[in-house]
Each structure stands twice: as structure tokens, then as C-alpha cells.
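# Descriptive analysis of the structure
Residue-level listing of the chains:
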Amino acid sequence: MSSVAVLTQESFAEHRSGLMQQQVKGWRPARLWLSTNRSTSVVLHSAGPGGGKPQIFTELWLATLSAVGQGMCKHGSLGCKRASNSFNSEEEKDPPTYEEAFPALPEKAPCLEAAWEPAGPWSKIRPIKASVITQVFHVPLEEKKYKDMNQFGEGEQAKICLDIMQKTGAHLELSLAKDQGLSIMVSGKPEAVTKARKQIVTRLQTQASATVAIPKEHHRFVIGKKGEKLQDLKLKTATRMQIPRPDDPSNQIKISGTKEGIEKARHEILLISAEQDKHAVERLDVEKVYHLFIAGPYNKLVRELMQDTGTRINIPPPGVNKTEIVFTGEKKQLAQAVARVKKIYEEKKKKTTTIAVEVKKSQHKYVIGPKGSSLQEILEKTGVSVEIPPTDSSSETLILRGEPEKLGQALTEVYAKANSFAVSSVSAPSWLHRFIIGKKGQNLAKITQQMPKVHIKFTGGEDNITLEGPTEDVHVAQEQIEAMVKDLINRMDYAEINVDHQFHRHLIGKNGANINRIKDLYKVSVRIPLDNEKSNLIRIEGDPQGVPQAEKELLELNSCMENEHTADLIIEQKFHCTIIGQKGERIWKIQEKFPEVIINFPDPAHKSDIVQLRGPNNEVEKCTEYMQKMVADPVENSFSISVLICKQFHKNIIGKGGANIKKIRKESNTKIDLAAKNSNSETIVITGKRANCEAARHRILAIQKELANSTEVEVSLPSKLHNSLIGAKGRFVCSIVEECGGVHIYFPTKGSGSDTVTIRGPAQGVEKAKKQLLHL
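In this text, all values refer to a predicted model and were calculated from it rather than measured experimentally.

## Focus: the overall build of the protein
Within the protein, the secondary structure is distributed over 31 helices and 29 strands. A separation threshold of at least 6 residues defines the contact pool for the protein, and within that pool the share at least 24 residues apart is 68%. For the protein, the computed accessible surface area is about 44,900 Å², with 51% contributed by carbon and sulfur atoms.

## Brief notes about the packing of helix 18 (residues 442-450) against helix 19 (residues 471-491)
In a pair of packed helices, the angle between the axes and the distance between the axes together describe the arrangement. One can describe the packing of helix 18 onto helix 19 by two numbers: an axis separation of 11 Å at closest approach and a directional angle of 165°. The angle between helix 18 and helix 19 falls in the class roughly antiparallel. By crossing handedness, the relation of helix 18 to helix 19 is classed as right-handed. From helix 18, Asn443, Ile447 and Gln450 reach across to helix 19, where they touch Ala477, Gln480, Ile481 and Met484. Partitioning the contact of helix 18 with helix 19 into residue classes produces 4 nonpolar, 3 polar and no charged.

## A few points about the nonpolar core
Among the nonpolar cores identified, the biggest contains 21 residues, and Val286, Ile294, Ile313, Ile315, Ile325 and Phe327 are the most heavily contacted of them. Every element with two or more residues in this core is listed here: strand 9 (280-285), helix 11 (291-295), helix 12 (300-309), strand 11 (324-329) and helix 13 (331-351). Leaving out residues up to four positions away in the same chain, Val286 has contacts with His291, Ile294, Thr323, Ile325 and Tyr345. If you look at the next biggest cluster of nonpolar residues, it comprises 19 residues, including Val426, Met451, Ile465 and Val474.

## Description of the sheet that holds strand 11
Ordered in space as 9-11-10, the 3 strands form an open sheet in which the pairing is antiparallel. Strands with a single pairing partner mark the edges of an open sheet, and in this sheet they are strand 9 and strand 10 (312-314). Each neighbouring strand pair of the sheet contributes to a mean axis angle of 20°, computed without reference to strand direction. Across 6 bridges, the pairing between strand 9 and strand 11 is antiparallel. Across the sheet, Leu284 pairs through a bridge with Ile325, a residue of strand 11.

## Side note on the environment of Gly751
Tracing the chain through its elements places Gly751 in the loop between strand 28 (744-746) and strand 29 (756-762). Residue Gly751 is classed as exposed on the basis of its relative accessible area of 81%. Taking the C-alpha atoms as reference points, Gly751 and Ser719, 32 residues apart in sequence, are found 9.0 Å from one another.

## So, the sheet that holds strand 15 (residues 421-427)
Pairing is antiparallel across the open sheet formed by 3 strands, whose spatial order is 15-17-16. Taken across any chain shown, the strands that pair with only one partner, and hence form the sheet edges, are strand 15 and strand 16 (455-458). Within this sheet the neighbouring strands show an average axis-to-axis angle of 20°, counted without direction. The pairing of strand 16 with strand 17 (residues 464-470) spans 4 bridges and is antiparallel. Within strand 17, the residue paired with Ile456 across the bridge is Leu467. On the sheet, helix 19 packs against strand 15, strand 16 and strand 17 and is oriented at approximately 155° with respect to strand 17.

The rules behind the values
- Residues numbered from 1 in each chain as written.
- Predicted model: local features only at pLDDT ≥ 70, side-chain atom pairs only at ≥ 80, totals over all residues.
- Heavy atoms only, no water.
- Helix = DSSP H or I, 4+ residues; strand = E, 2+ residues; numbered from the N terminus.
- Contact = heavy atoms within 4.5 Å.
- Areas by Shrake-Rupley, 256 points an atom, 1.4 Å probe, with all protein chains shown as cover.
- Axes fitted to C-alpha atoms, helices over the stretch in contact; angles between N-to-C directions.
- Parallel < 35°, antiparallel > 145°, perpendicular 65-115°, else oblique.
- Left-handed = near helix turned anticlockwise from the far one by under 90°.
- Nonpolar A, V, L, I, M, F, W, Y, C, P; charged D, E, K, R; others polar.
- Core = buried A, V, L, I, M, F, W, Y, C linked by side-chain atoms within 4.5 Å.
- Buried < 20%, exposed > 50% of the residue type's maximum accessible area, 1.4 Å probe, protein only.
- Pairing = 2+ DSSP bridges.

Written out as C-alpha cells, the structure reads:
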């Protein structure tokens, strides 16, 4: 005998509403018809976002099953209350108490009386708040800000998610639901999850706005002490609110955010206002599944009721997991409204029954219709409500609730809505997708203009195209796309080659010269990855005859580049400008001589001496040798020597009209720099080849000696005494020079180990200076 589970109204209501407060008196257990072996198994399964990941149910429910397991075996029926962590809950709640999560079993169920024992000390257990929570938020397709399926997991949407995680400390996981909506699982501390949720709906959902009017004197209660109530309300509903200033007579509060958030915020504001209203306020607990009957199709019934009684009736929106309906108004009229709602509720409970039907998950959105219009239409025509499982559930079961004689008509309407749209696919290689779409979507635009209700989906990396829309339109669009695919396959081909990504820019050429020439010549398109992708794969698509020719040429270019050689040439940075030449004249000549070699000089700011040469191995070697010879001459000519010449003799060394200095420069092939006339420096700097510098130095000293009748004497003094003889800051040696009249005393360089001190100048002065040094 097979096992059959009968789903009652109460158990389904519990499933739809999540963890709710149940009344023990009105509670009836679900019946389980057991097989002949008197055993049964209970399987809990609920898919996560997009039908992919399983949701987590509270382990305590399983513990309850275990505790009353003996009663099940004896009597074959069980009544229990399920407590689950609802990932899609719209408001944060404290975890239920032990009594709420595990209520006492009803006295009318004798099968459990023997098995159940009093809770004892367990009843004193206090609820523990979780330090880390997890919630799932669903963004419907029509409210998604970024709807490009090809960009899922990347682009701006991914950057926004990373930014939210960094700012809030919460962890985000994204997935696509079957209805192409976006499911976002957020984990972290409660305050982090609340902040993350606010940013998710603000930055990933399209925003709308609405206004709600409440008495001006109630505004301060919405704001709360120091604005805490308003801030909490904004976080809970993930909306922005603008409350008029005290001096503004307006009573309108503007709410901006997602449609769902606006509904929640509006509901909460009206509740706050109702609490502060001078009129009476009454709350009526009505099972969530009957709210739709009380509201009526398109909210007509509740509007009529409010108009007739003058009472304000606040029914929680479908997305808010609350069962209370709040009435506000004059006591007498409020009582009438409450009585009428109770009457509708009681009648519907007595007269309505349910049937369950299976409809493919992908067709649920057609039953719902845009903004729930199809559900409202069915309710208006038949008086039957259709309950749809959550989008993140894998269940395909729809519950129709209404009067028995109307259920048949409603079932027909449901199937008509579900089958009014079809889903089909066309097989097409993924590399052809962009050609099917056409430049700027021109090809697809022709189809979508004829059949605007058909949605065409291309999935990257998959060899098929999905079509969704009215059945007849889908068949027509499918035929057109299949014809397009067949034509493209007949007249197009493709090839893929692997080229090291470091060579890609050389294949492209300067301003795309190489690649554009190949494209035009062979009538192909060449797709080269971006630098940041670090991919080696190049794809060639186009004319069947041109593709292999373009492939051959690109591989030949790659082969040439693979044979390239790179060499580093060390040249002092001060000579780089010399090699480059004025306006790059000299480097252009080198490039003309070695056109296949690329020469890269370092940025002057880097202070680097490395010049890089790249090209064919032989050419690089020849260019390196040529540049080394080229740089050898300026290096050799960079030797420098300084000569001290009495300032009064500088003009004689220069000569009339610079005749003497020009002659020395020309004959010694050196560069000679003298101090400016207004300078007290006696130093003359000679630059050039070493031998030439020495020759120029001797000639200049000879001129000084001749002019000054000077003499030169060498005195041997221990090197360890040189510092003492010079004195602090040259005090002693300067005093000797002044006293002896124009002599020059040269001490050997420090660390040379030489004891020889040279004295040069007039004969008398040199002799006198020698005596003083020896005396010291």
C-alpha cells in the first residue's frame, strides 16, 4: 500500500506564513496515512535561491519529532508545530521562547498524552540570540537595476556587492532564481545584515517613491527620541523618508525605495499613527491566507468597507509576515467594520476548501502576472485565491482556495494563464551569438519589434538560445532565428590560436595597423583578449576562405616574435642625451641602421643606467656592439682635471680676444672652463681624454710659471702631521700663504700615503713658506 500525505488548510497556512502564533484550541494535526508496516519517514526539503541551495531549518523541530516518536508509532498521527528560521523574513524578530517553539500538545489528542511529559526545568530556558544570522533577499526581475545576464557575477553589480561587504562587514552570496530574479544571501551580525540589506535594495534595485498622509501631530512619534525611531524604520524597510519640517503645514511623508520597502514603511507609519490617533484602535488576528478575501480583488472590498464605516483598515502587505489587521476610527463605526471583517473571515473559513495543482516553476510568474494582476483577475472572476510558493522554494504546488463550485473555473483560469506563454530553445554555437544579435542589436531588433512580448536570452558559453513569450510568437521567432543560424553556419567559419599575451600588442601594431590590415585583407574579425585578462587565446571569425589565411599570417608574426632577443646595455644616464642627440637625431639614425631593433631608454626620473634592446637575435647583437662603440668616445672624453692658477694670471691664460685659451683647446682637443671674472675662484677645469687633459694642464702651468717667475719646491713631511699643519679649517696653512705672498701649498690627497708637500710661487716666498712648514 502506498503512502499518501493529505495537506490540510491549517498546515499549509503554517507553511506559507512561517513561524506564527497558533491557537491550541483551533489547532488540528495534519493526518498521515501510513503504509501497512506502520512506519513513516518525514523528509524536509526547501531549495534556496534559484532552486540551488537548501535552506536551513531549526534542529529543534527534529528534536520534537524524536521526543514524540513513540506516540507516532502507537497511534499513527502526530500534531506538532514547526519552528523554522525564515530566510526571507521582512523584519528582525527575537527568537521564540521555548513555550512558543514547543507548545503543549492539545488535550484532544489522546495519542500523545501518554508520550508527553511536563517540560520541568526546560521550561525555564531563556532564548539565546544568535551572534551571526543569515537572511536571503529576493530582487524580482522587473526591479533589478542591472538586468544584463551576461554580466552576472562581474561588472558594476559585483563591484557594488564587494563595496557593501567592505562597508558593513556582512558576507554576500549572489545567485539567479528561476524567474531570473536575484537572490542574495547575507550572513553576519544582526546590525551588519540590516545595514547590508539597506544598501542592497538602494543600490541593486530600482527605486520608486510614494507619500503617506498622517496627522501633523503624529510626525514626532514617527521620528522618535533623537530620531532613533526614524533611523530604525529606515534600516528595517531599507527606504529613505522625508518628513516635513515643523514649520511646514504639509502632513505628507515622502518614502523612496523599492516597492516592497515602500509598502512596509507605509504600513509601519500608519501603525504608528494609529497608535497615536485619538480614535479607537483595535487589532484583529486573521490567518494570512484569508487576507486576500478581506481585501477583495484589487482591494475593492476593503475600500468599500472603509468608505461605508469611515474606519481606517490596515491590512499587512503580502510580503510582511504579520497576521494582525488594524482598525482605527470612531468606536461605533470601528465595531461595525470589525464585525463585518469577522463575518467575512468566518464565512470563508466555513465555505472554502482547497485543491493542490502542480504547475512548472518556470510558469508560476505567468500565473502571478505583472505586479500580481493575473492573481487579482482570477480572484475577481471566480472568488478563488491562488497561493504561490515562494520563489526560493523548489515546490511546484499551487493551492487554490475558494468555494467548491468555483474551484473548477479557477483551475481552468490557472492553466490558461500558465500555458499562455511558452519556453523554447534554439541550438546555436556560442561564437555565432554576437552575429545573431548584430551590430548594436540590429538583427534582434527586427524580431523583437514584430514580437515585443518574446524574451530572447543568450547565455555565455552555452550553445543554445532561449525564447520565452506567447506561444504563437515564440514559434515564429524560433523559425526566424533557426534560419539565421543556418545561414551564418553556411557562410562563416572560425579558428582559435594561442599567442603569448605579451606579444598581443605587437600583433596589433601601432594604432592597430597590423590587425586592421589583416581584417580588411581576409574579410575576418580577430578577437584579441584585453591586457588585464592575461589570456593567450585569439579567435578569428569570418569568411571561410579568409580565416585560414589570417590564421597563417598571425602565426608567422608570432613565430618571428618568439625568436626575438632582449639585451640590457649599461650606459651612464648622463650620456643618454648624448646618444639620443638633439631632437632625437642620433637615435633616429641608429633606428634606420637597425630597423628591426626596438630601443627603450629609461625614464630620467628613475635614475637608471639600463638601456633595453629588443629584436631578432643577430640584429640585437650588432646594435649592441654599435652603441657600445658609440658610447666609448664620450666616456673617454669625460675625464676631468682641476688646476689652481693665481687669479691675476687668468687673463693672461685667456689671451687677447681669447687667443691663448682657444689655441690650447684646439691643440689639446680639450674643453677648458675658467671661473667667472666676478668670482674669487682660482680653479680652471680641463675636460677631455686623460692624456690631452694632462698636456693642457702643463701648458697652463707653464704660462703661470713664466709670468710669475715662480718656483716649485717639494718638502717631505710625515703624512700623519698633515692635518695638524693645515689646522682647523686650514687656519695654519692660510696664515703661511698670506705671510709669504702668493705662494700655493699642495698637500697630497688624504689616504694616498705620500709625505710630499709641494710649494709653488715666487722664489723668496716659497723659501720662506718652506722654513715655516719645517719649523711647525
